[in-house]
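# Tertiary structure, described
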Amino acid sequence: MIRIEARPQPSALMAYATPVLAVVLTMIFGGVLFAVLGKDPLEAIATIFWEPIFGEFAFFYRPQLLIKGAPLVLIAIGLALGFRAGIWNIGAEGQYIVGAICGAGAGLAFYPTESVLIFPLMVLAGALGGWAWAMIPAVLKVKFGTNEILVSLMLVYVAEQLLASMSLGLLKNPEGFGFPGSRNLQQYGSAHNAEIIAGTGMHWGVVAALIAVIFAYVLLTRHRLGFAIRVTGEAPRAAKFGGVNPARLVLFCLGMSGLLAGLAGMFEVSGPSGQISIDFNVGYGFTAIIVAFLGRLNPLGIVAAGLLMALTYIGGDIAQSQLGLPAAAIQVFQGMLLFFLLALDVLTNYRVRFGTAEVA
Amino acid sequence: MTDLLALRGLTKAYPGVVANDDVSLAIAPGEIHALLGENGAGKSTLVKMIYGLVKPDAGQMEMQGSTFAPSDPRAARGAGVGMVFQHFSLFDALSVAENIALGMETPPPMRTLAARILEVSDTYGLPLSPDRTVGDLSAGERQRVEIIRCLLQDPKLLIMDEPTSVLTPQEVEILFETLRKLSAEGTAILYISHKLEEIRALCDAATILRGGKVVGTCVPRDTSARDMAELMVGSTLTTPKASSHSTGDVALAVTGLSAASPSAFGMALRDVTFDVHVGEVLGIGGVAGNGQDELLAVLSGELAAGPGMVAFQGRDMHGIGPEARRGLGVLSAPEERLGHAAAPNMSLTENAMLTGAAREGLARRGLLDWAKTRAFAQRIISDFDVRTPGPENAARSLSGGNLQKFVIGREVLQKPDVLVVNQPTWGVDAAAAAAIRQALLDLAAGGAAVVVISQDLDELMEISDRFAALNEGQLSAPRPTAGLDVEQIGLMLGGAHGMEVAHV
């Protein structure tokens, strides 16, 4: 018989070691997966983790690290605030989409006027869009006690429909020869989220992500609101006794994570992606959940985890083109990472006992 | 007669502390043996070893002459050891029989089980109907469920951890009758309690632990409570003394307070009216589950009440939340230490922040001053003799009594105008309880109004100026404590709780 029982005192060392261990295990089992697919496992792993940073074309891939990492970190920071308080926003992908639509829409409304005010306005619109989309599950939870996990997740699919409708209708490029998708913002100077330093991948989204990291770090360690978030996650009754208003906290956490996801969407659509299109979203909102947990819901950890996940995205792309690995194998590889992390977390807090039933 | 259970040289060390150091004791069949000691003296570790929850580092246990080393509670139960914990593990929404079946390895069919329950409850004078829902039972009745659960396994040794802390005086009498009957039939009982008078009335022998070591044994009937207490503490005891003081204006007035309970198995408050004056201690007695938690929640601001129901210094508290009330001077300490009064996994410093932020100036414009908070936590630890290596330790790592001292100290040191406490000395050893009571008395003498909600009548008699009883959500009119005897109070409390079944 196999049983699990709580460890009286989980090891503090293990809490920090598990992310590293999870990465190592993912490499091992990912290698096995790649071997079964008929690829050289060592070469595949090296392609994913080594090639982007030190390979022949690293000059091209390194900036990608920031471009892919920034939205992940930005979204994960917001999610982590809620997760710390036991508020589960699973719909960042939807908030990301709506943020992009609002941001792009605000910019395109002024086309072709050029003004320095347009980009800040788009930032504002993107943030508001993501915030508003997250407020739907927040208000429903506060007013009617609905489950924010379900509502926020379902709203992702609503947002995807909205995205399709926008690319085919309202925001469709009038000069686009009937192809779906909006005008390319990269060609609209005032609305373009261009690289701040050319060739580095450093765009305004990266700056926003860094500000969010510092903001979240200060909030969680030095501010009453961050303290309220942590107490609520640890002991909801104690938080209420301490004077935390649970409803207000739900509104804040969901609102803040929606806002950051919306910003991420806006920076993406006005920069690397360039246009609203049916396949604009690539799953950053979901991957950010992995990033948040891999980073131990800690702002600094999230930076490291975000860069690591960005690496698997880029390395995965290279592996696809160079080794012919299927895209699904890369997704399985990323999924393994979360799986091993959660499994190791269980083993940190519990131990498995093997043995037959004792003598009665 | 050979011993039923013999412990020889049991030692158990945890990192940084030796919980049990060479502990030996022997219990004969049918003996009621008391285990005495302050919090942290090692009582729980010792019974956990007997019950298979903890493995000793050194030493042997023998059960009826053969080696006894239970690897888990199931093995211990198999060997004839039953245990009734201080905190019950029952499901409110299930019936008595269902709860009992859940704890069994191979439960018999429900009808057979119900019959067995009735038989055992009849034999031992523990009135209990198998198909009642546990959520509707009083604390005393819940305890009977736990006891019957143990008795169904025909234990040779029954361990009882602080069994009377939740009972009315009348319920205590019923319990004692049961235990004496069990003892007469040859079941040995290991009885853990702080209430020395009870031990004197019930137990045949006592082993006293201090700092993990056996510091003495005695025959309780021939030893005075004071001597036992001094053995336990290792020093002379001082009983709390109220300095003579006069009471002044009304500090807190509760008028016609009615409020529904937030929990499905809670008790709604019905038309509760009382006031507390400056410099006064009002004692509110009653068995837990009769509206105590709800009353504290209303006064702390966690549970909303209607306009005009609660007034502090003449000001209506309607719509004022816990944090704002603290700012005004109304503080409280709930019963549940872990998870309500304190966040278990957070440090003592962080827990000091939990309620101290406003009055101690620990936050300025939302930014937290951790250095100042740490100093505040340190002050609580030193002023209230909280035994812990330091304020960076998690609340969960403290023993129950030490955490209670911390929680009470945290509120008292903030110099409240009104302090409401629920079960301030629950599970706290004699010395610490005396210190807490003294702190409450000093607070009142200093001009605060203090409301003490407690199940411990001796405690209420000792410290309160006036006494009221909370029963089924209703509060009796407060009466001056002087001149009330325990019997009268027991009746005020609805002391016959559960007795009607006994006479059927």
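The rules we used
Residues numbered from 1 in each chain as written. Chains lettered and ligands numbered in written order. Predicted model: local features only at pLDDT ≥ 70, side-chain atom pairs only at ≥ 80, totals over all residues. Helix = DSSP H or I, 4+ residues; strand = E, 2+ residues; numbered from the N terminus. Rg over C-alpha atoms; globule rule 2.2 N^0.38 Å. Buried ≥ 20, exposed ≤ 12 C-beta atoms within 10 Å, placed from the backbone. Contact = placed C-beta atoms within 7 Å. Nonpolar A, V, L, I, M, F, W, Y, C, P; charged D, E, K, R; others polar. Pairing = 2+ DSSP bridges. Domains from an automatic or database assignment. Expected span 1.5 Å × (residues − 1). Axes fitted to C-alpha atoms, helices over the stretch in contact; angles between N-to-C directions. Parallel < 35°, antiparallel > 145°, perpendicular 65-115°, else oblique. Left-handed = near helix turned anticlockwise from the far one by under 90°. Core = buried A, V, L, I, M, F, W, Y, C linked by C-beta atoms within 7 Å.

## Considering the overall build of chain B
When helices and strands are counted, chain B shows 17 helices and 23 strands. For 504 residues, the compact-globule formula gives about 23 Å, and the C-alpha radius of gyration of chain B, at 23 Å, lands near that figure. The principal-axis extents of the C-alpha atoms in chain B amount to approximately 65 × 55 × 40 Å. Within chain B, the proportion of its 504 residues that are buried is 51%.

## Looking at the overall build of chain A
Of regular secondary structure, chain A possesses 14 helices and two strands. A compact globule built from 360 residues would reach a C-alpha radius of gyration of about 21 Å, and chain A, at 22 Å, matches this within 12%. With respect to the principal axes defined by its C-alpha atoms, chain A has extents near 80 × 55 × 35 Å. For chain A, the proportion of its 360 residues judged to be buried stands at 48%. For chain A, the proportion of contacts with a sequence separation of at least 24, taken over those separated by at least 6, is 79%.

## Digging into the interface of chain B and chain A
In this assembly, 27 residues from chain B lie in contact with 18 residues from chain A. Contributions of two or more residues to the side of chain B that touches chain A are made by α2 (73–78), α10 (322–328), α11 (348–356) and β18 (367–368) of chain B. The class makeup of the residues in the side of chain B that touches chain A is 14 nonpolar, nine polar and four charged.

## Comments concerning the environment of T113 of chain A
Within the secondary structure, T113 of chain A sits in the loop between α5 (92–108) and α6 (118–144). Residue classification places T113 of chain A among the exposed residues on the basis of 10 C-beta atoms within 10 Å.

## Focus on the sheet that holds strand β1 (residues 5–14) of chain B
All names here are of chain B. Taken together, the four strands give an open sheet; going across it, the order is β2-β1-β4-β5, and neighbouring strands pair in antiparallel fashion. Across the chains shown, the open sheet's two edge strands, defined by having one partner strand only, are β2 (17–27) and β5 (66–67). Taken together, the two bridges between strand β4 (residues 58–63) and β5 define a ladder with antiparallel strand orientation. The residue of β5 that forms the bridge with E62 is T67.

## Let's talk about unusual backbone geometry
A negative phi angle characterises most non-glycine residues, just as the trans form characterises most peptide bonds. Between Y111 of chain A and the following residue, P112 of chain A, the backbone shows a cis peptide bond with an omega angle of 0 degrees. Although it is not a glycine, D22 of chain B adopts a positive phi angle of roughly 55 degrees. Turning to its location among the elements, D22 of chain B is positioned in strand β2. By the C-beta count within 10 Å, which is 14 here, D22 of chain B ends up partly exposed. Of note in the backbone geometry, Q423 of chain B takes a positive phi value of approximately 55 degrees without being a glycine. Along the chain, Q423 of chain B turns up in the loop between β19 (418–422) and α14 (430–445).

## Here we look at the domain arrangement of chain B
When its domains are assigned, chain B resolves into domain 1 (5–233) and domain 2 (250–503). Using only C-alpha atoms to locate each centre, domain 1 of chain B and domain 2 of chain B end up separated by 29 Å.

## Remarks on helix α13 (residues 400–412) of chain B
Residues and elements named next belong to chain B. Helix length check: α13 (13 residues) gives 18 Å between terminal C-alpha atoms against 18 Å at 1.5 Å per residue, within 8%. Across the 13 residues that make up α13, a large majority, 12, are buried. Of all the residues in α13, the buried ones are G401, N402, L403, Q404, K405, F406, V407, I408, G409, R410, E411 and V412. Residues of α13 that are buried sit in contact with β16 (330–333), α11, α12 (370–383), β19 and α14.

## As for the pairing of β4 of chain B
On a regular strand, each side chain points to the face opposite its neighbour's, so the side chains alternate between the two faces of the sheet. All names here are of chain B. Sheet analysis places β1 next to β4, joined by five bridges and oriented antiparallel. The residue bridging L7 from the neighbouring strand is M61, located in β4. Turn length for the β4-β5 hairpin, with the two strands adjacent in sequence and antiparallel, is two residues, and the turn residue Q64 shows positive phi of about 50 degrees.

## Thoughts on the packing of α6 of chain A against helix α7 (residues 148–168) of chain A
Residue and element names in this part refer to chain A. Following both chains from N to C, one finds α6 and α7 inclined at 150 degrees, their axes separated by 9 Å at the closest point. Compared by their axis directions, α6 and α7 come out roughly antiparallel. As for how α6 packs across α7, the hand of that crossing is right-handed. Here W133, I136, P137, L140 and K141 of α6 lie close against α7, whose contacting residues are E148, V151, S152, L155 and A159.

## A look at the nonpolar core
Soluble, globular proteins show a tendency: their nonpolar side chains are buried together. The biggest cluster of nonpolar side chains holds 248 residues, and the ones touching the most others in it are L74, I75, A76 and A292 of chain A. By residue number, the principal contributor to this core is helix α4 (residues 58–84) of chain A, which donates 15 residues. Counting the residues that make up this core, at least three belong to each of domain 1 (5–233) and domain 2 (250–503) of chain B. Ignoring any residue separated from it by four or fewer positions in sequence, one finds I75 of chain A in contact with A92, Y96, L260, A261, A264, Y284, G285 and A288 of chain A. Counting eight residues, the second largest nonpolar core, distinct from the first, contains F34, A44, A319 and F333 of chain A.

## Some remarks on the sheet that holds strand β3 (residues 32–37) of chain B
Residue and element names in this part refer to chain B. Spatially, β6-β7-β8-β3-β9-β10 is the arrangement adopted by the six strands of the open sheet, whose pairing is mixed. At either end of the open sheet lies a strand with only one pairing partner, and these are β6 (81–84) and β10 (213–218). If you compare each strand with its neighbour and ignore which way they point, the axes differ by 20 degrees on average. Across four bridges, β3 lies against strand β8 (residues 188–192) in parallel orientation.

## Details of the packing of helix α1 (residues 12–36) of chain A against helix α14 (residues 327–349) of chain A
All names here are of chain A. The interhelical angle for the contact between α1 and α14, taken along N-to-C directions, is 140 degrees, at an axis separation of 8 Å. Compared by their axis directions, α1 and α14 come out oblique. Crossing of α1 against α14: the hand is right-handed. Of the residues belonging to the contact of α1 with α14, the class tally is 18 nonpolar, four polar and one charged.

## As for the environment of T200 of chain A
Residue and element names in this part refer to chain A. Counting through the fold element by element, T200 comes out in the loop between α7 and α8 (204–222). Taking C-alpha positions, T200 is 9.2 Å from F60, a pair spaced 140 residues apart along the chain. Those residues in contact with T200 that lie beyond four places of it in its chain are P63 and E195.

## Structural notes on the environment of N99 of chain B
All names here are of chain B. Residue position: N99 is located in helix α3 (residues 96–102). Assessed through the 24 C-beta atoms surrounding it within 10 Å, N99 is described here as buried. For the pair formed by N99 and S121, sequence separation is 22 residues and the distance between their alpha carbons is 15 Å.

## Overview of the pairing of β8 of chain B
All names here are of chain B. Taking burial as the measure, the five residues of β8 include five buried ones, the bulk of the element. The alternating pattern of β8 places A188, L190 and I192 and I189 and Y191 on opposite faces, both of which are buried. Here strand β7 (residues 157–161) pairs with β8 via five bridges, running parallel. Residue I159 lies in a different strand from β8, and its bridge partner there is L190.

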